Amino acid sequence: MFVQVTKCKHGSTTYFTYLVRESFRTPKGPRSRTICNITALPPETRELISQSLQGRSFVAAESVQLTEAWNCGGLVVLHQAWEEFGLRAIFDFVADARMAGLLKAMILGRILFPSAKMALVDHARGTLLAAACGLDQATEDFDEDDLYASMDQLNGHWVGIEKQLYQNSFPQGVSLVLYDLTSVYFEGNGPSKISQYGHSRDHRSDRPQVLLAVATDAQGLPLHLEVLRGNRGDTTTLQGLLSTLRRRFGIREAVFVFDGGMSSKVNLEAMDELKLKYVTRLGARRLEELLASLPAEQSPELWDRTQVMEIVREGKRYVIAGGSWRQQRDQQRRQARLSKAENELKRLAAVQRKKVNPQKLASQVGRALQRLKAHKYFDYTVDPNGQLQWSRRTEVIQAEKIRDGLYLLGTNATPEHIPSTGVLSHYKNLLEVEDAFCHLKDYLRVRPVFHWRPDRVRNHVRICFLAYWLSAKLERQWRQKDQTIEVHNLLRQLQAIRLGRLEVQGKPFKTMVSQVPKDLNEILNKLGLQPLFSQPPTWAPGVCSK
């Protein structure tokens, strides 16, 4: 049977007739007859009858149910990147498949929903995290003890992991290595062997901490991570790094860039002995000495802060750089210190004391000015009657104004190897390391750290490092396609894409991927990721109940 449509025209009006007809055979050949006229039925009903007669099946709308739906868009991209960047092979040393899957889950979780290990099960609920990591989606509970046991798998294998990551990322080696330190403090006492009080970059000198030493390439892709005792001096870390990079990665001729905290005389001499090139920032005292040695026509107040000046003294090469933004920042910083210091001096002078002690008051003034970083700007005296008087050191302030916005770089590279502007650009690349620390400490949430065993503290940071490595690799790939969107932001937005499972009359019918949000379609097309969402991922389970 079939639906036949006929039409006839009467004047300017066209009439359609919808007939259900049946074909049959006779001795004289095939014939057809009308079964019924369905013209009066609604158009959607006529369409259902037509499609049913063509062999299609239909069920009542109330018998169709969306039984399960999981957020999966970001996981789809990360799983594909995991395979593309060879991370599965890197973890082949983990014999237990579930332990390897839990490691992967913690790494991907750090990017999509950074949290404590105990919270992973809550964040994973409603997502395909377990399935994306080769775990049983229906039964995986991300038990805390199992997560810790999987972290322990990294013990004794980190050197091999770093070597493989380096070979995957830099088959031709690197020509520029950026190095910097940051600190991470503990909520409690932390492990006694590595948790120590020291200079805190988080301004939490009241908490024990560890130091993170990270080396990256010029674009911020990490090469090496080390967790150090919290009381290590910056200058004591560089030679260990050089030894590690030379031994582990075979780096021999790269230019090393590091900040002033590592630029001790011993370190620079060690680099000269190893015939390694460096670019580093030097202290304000050396800058003052060089400026004082310049002829009058080259005085700093005449300089254009947008230009660099190269100076060679006693066979050593220096580059003085600056900028109008830095000049304005230095002026504002000094003015703020002067204002706070004078307010404090006025307060101390106005305090009514029962017993006059000039020496004690002078000590209080000195400590207050040191705390406010303004001691060099003031002369002060306390007379026998306890009267505090002070004045600004105008010559010191004026000399500092002349140097506003200027800083000094040192290098042992020749001008042919690295020109003056190249020295400055190399140093500015240290911002990439700061960005790496930003990801590690903020986006990937190294903190809070609650572990009590030194090896687990290290492995916790290593998991964050691996998550950042994966993000940085994706970012580099996307930059090549002229896209600068932050990786973690896009991945978390993509999690809104869901994988749903339909059931008809209580039986599994079809698995479907929800539509990509309109505002993300153009970005996915430019990144070449749209095909990943054209159909359900192959690793999605056949039946999910969790």
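Reading the values: the criteria
- Residues numbered from 1 in each chain as written.
- Predicted model: local features only at pLDDT ≥ 70, side-chain atom pairs only at ≥ 80, totals over all residues.
- Heavy atoms only, no water.
- Helix = DSSP H or I, 4+ residues; strand = E, 2+ residues; numbered from the N terminus.
- Buried < 20%, exposed > 50% of the residue type's maximum accessible area, 1.4 Å probe, protein only.
- Contact = heavy atoms within 4.5 Å.
- Areas by Shrake-Rupley, 256 points an atom, 1.4 Å probe, with all protein chains shown as cover.
- Lys, Arg positive; Asp, Glu negative; His and termini not counted.
- Charge placed at Lys NZ, Arg CZ, Asp CG, Glu CD.
- Salt bridge = Lys/Arg side-chain N within 4 Å of Asp/Glu carboxyl O.
- Axes fitted to C-alpha atoms, helices over the stretch in contact; angles between N-to-C directions.
- Parallel < 35°, antiparallel > 145°, perpendicular 65-115°, else oblique.
- Nonpolar A, V, L, I, M, F, W, Y, C, P; charged D, E, K, R; others polar.
- Pairing = 2+ DSSP bridges.
- Polar contact = N/O pair within 3.5 Å; in protein donor to acceptor, adjacent residues only side chain to side chain.
- Phe/Tyr/Trp six-rings, centres within 6.5 Å; stacked < 30°, edge-to-face > 60°.
- Lys NZ or Arg CZ within 6 Å of the ring centre and 35° of its normal.
- Expected span 1.5 Å × (residues − 1).

### Some details on the overall build of the chain
Secondary structure assignment for the chain yields 19 helices and 16 strands. If you line up the chain on its principal axes, its C-alpha atoms span 130 × 65 × 65 Å. Scored against the burial criterion, the 546 residues of the chain give a buried share of 44%. Within the chain, contacts between residues separated by at least 24 positions form 64% of all contacts whose residues are at least 6 apart in sequence. In the form shown here, the chain has an accessible surface area of approximately 28900 Å², with 49% of it arising from carbon and sulfur atoms. A gap of 3 Å separates the mean positions of the 76 positive and 58 negative side-chain charges of the chain.

### What about the pattern of salt bridges?
A side chain of one charge can pair with a side chain of the opposite charge if their charged atoms are brought near each other. If you walk through the whole model with that rule in mind, you get 26 salt bridges. Notably, a salt bridge pairs Asp 152 with Arg 453, separated by 3.7 Å at the nearest N-O pair. Taken as a pair, Asp 152 in the loop between helix 7 (144–151) and helix 8 (158–169) and Arg 453 in the loop between helix 16 (430–443) and helix 17 (454–479) lie far apart in primary sequence, 301 residues in all. The exposure class of Arg 453 is partly exposed, given its relative accessible area of 37%. For the salt bridge of Arg 347 with Glu 344, the shortest nitrogen-to-oxygen distance reads 2.8 Å. With a gap of three residues between them, Arg 347 and Glu 344 both fall in helix 12 (residues 324–350), about one helical turn apart.

### What to know about the packing of helix 8 against helix 17
Running from amino to carboxyl end, helix 8 crosses helix 17 at an angle of 5 degrees, the nearest separation of the two axes being 13 Å. In this view, helix 8 runs roughly parallel relative to helix 17, as classed from their interaxial angle. For the pair helix 8 and helix 17, the contacting residues are Trp 158, Ile 161, Leu 165, Asn 168 and Ser 169 in the first and Arg 462, Phe 465, Leu 466, Trp 469 and Lys 473 in the second. Looking at the contact of helix 8 with helix 17 residue by residue, the classes come out as six nonpolar, two polar and two charged.

### What about the sheet that holds strand 3 (residues 29–37)?
Strands pair in a sheet through their backbones, by hydrogen bonds, and they do so in one of two ways: parallel or antiparallel. Read across the sheet, three strands follow the order 1-2-3 without closing on themselves; strand pairing throughout is antiparallel. Every other strand in the sheet has two partners, leaving strand 1 (2–10) and strand 3 as the edge strands with one partner each. Going across the sheet, the axis of each strand differs from the next one's by a mean of 45 degrees, ignoring polarity. With nine bridges joining them, strand 1 and strand 2 (residues 13–26) adopt antiparallel strand pairing.

### Some details on the environment of Tyr 377
For Tyr 377, the position within the fold is in the loop between helix 13 (358–371) and strand 12 (378–382). Overall, Tyr 377 belongs to the buried group, its relative accessible area being 1%. Each C-alpha atom, one on Tyr 377 and one on Arg 285, is 16 Å from the other, the two residues being 92 residues apart in sequence. A polar contact of 2.5 Å, which involves the side chain of Tyr 377, links it to the side chain of Glu 400.

### Here we look at the packing of aromatic side chains
All told, the structure shown has eight aromatic pairs when counted by the stated rule. The interplanar angle of 90 degrees and the centroid separation of 6.3 Å between the aromatic rings of Phe 85 and Trp 469 together place this pair among those described as edge-to-face. Highlighted residues: Phe 85 in the loop between helix 2 (73–84) and helix 3 (87–90) and Trp 469 in helix 17, separated in sequence by 384 residues. Arranged with centres 6.3 Å apart and planes meeting at 40 degrees, the rings of Phe 258 and Tyr 278 form a pair that is tilted. Linking Phe 258 in strand 8 (residues 255–258) with Tyr 278 in strand 9 (residues 277–282), this pair joins segments that are 20 residues apart in sequence. The burial state of Phe 258 is the same as that of Tyr 278; both residues are buried. Taken together, the aromatic side chains of Trp 82, Phe 91 and Phe 93 make up a single cluster linked through ring pairs. One cation-aromatic arrangement involves Arg 33 over Phe 24; the distance from NZ or CZ to the ring centre is 4.4 Å.

### Considerations on the sheet that holds strand 7 (residues 222–229)
Strand order in the open sheet made by the eight strands is 7-6-5-8-9-14-11-10, with mixed pairing throughout. Each of the sheet's edge strands pairs with one partner strand only, and the pair in question is strand 7 and strand 10 (309–313). With direction set aside, neighbouring strand axes in the sheet form an average angle of 25 degrees. The pairing of strand 5 (residues 176–185) with strand 8 spans four bridges and is parallel. Across the sheet, residue Val 177 finds its bridge partner in strand 8, namely Phe 256. Strands in contact with helix 9 (residues 238–249) are strand 5, strand 6 (209–216), strand 7 and strand 8; relative to strand 7, the strand with the most contacts, it is inclined by about 135 degrees. Along the sheet, helix 17 makes contact with strand 6 and strand 7, crossing strand 7 at roughly 160 degrees.

### Focus on the pairing of strand 7
The buried count for strand 7 comes to six of eight residues, which makes it a mostly enclosed element. Judged from the seven bridges that link them, strand 6 and strand 7 form a sheet pairing that is antiparallel. What sits directly across from Val 210, in strand 7, is Arg 229. Taking the residues that link successive antiparallel strands as the turn, the strand 6-strand 7 hairpin has five residues, and the phi of Gly 220 there is positive, at about 90 degrees.

### With respect to the environment of Arg 204
As for its position among the elements, Arg 204 is in the loop between strand 5 and strand 6. For Arg 204, a relative accessible area of 24% gives the class partly exposed. The spatial distance from the C-alpha of Arg 204 to the C-alpha of Lys 28 is 101 Å, given a sequence separation of 176 residues.

### Describing helix 2
For helix 2, spanning 12 residues, the distance from its first C-alpha to its last is 17 Å, which sits close to the expected 16 Å at 1.5 Å a residue. For helix 2, a buried count of nine out of 12 residues is recorded, marking the element as mostly surrounded by other parts of the structure. Among the residues of helix 2, those classed as buried are Gly 73, Gly 74, Leu 75, Val 76, Val 77, Leu 78, His 79, Ala 81 and Trp 82.

### Remarks on the side chain of Arg 21
You can see Arg 21 is positioned in strand 2. Despite its burial, Arg 21 pairs with no opposite charge; the closest candidate is Glu 22, at 9.7 Å N-O. Polar side-chain contacts of Arg 21 include one of 2.4 Å to the side chain of Thr 34. Leaving out residues up to four positions away in the same chain, Arg 21 has contacts with Met 1, Phe 2, Gln 4, Ser 32, Arg 33, Thr 34 and Ile 35.

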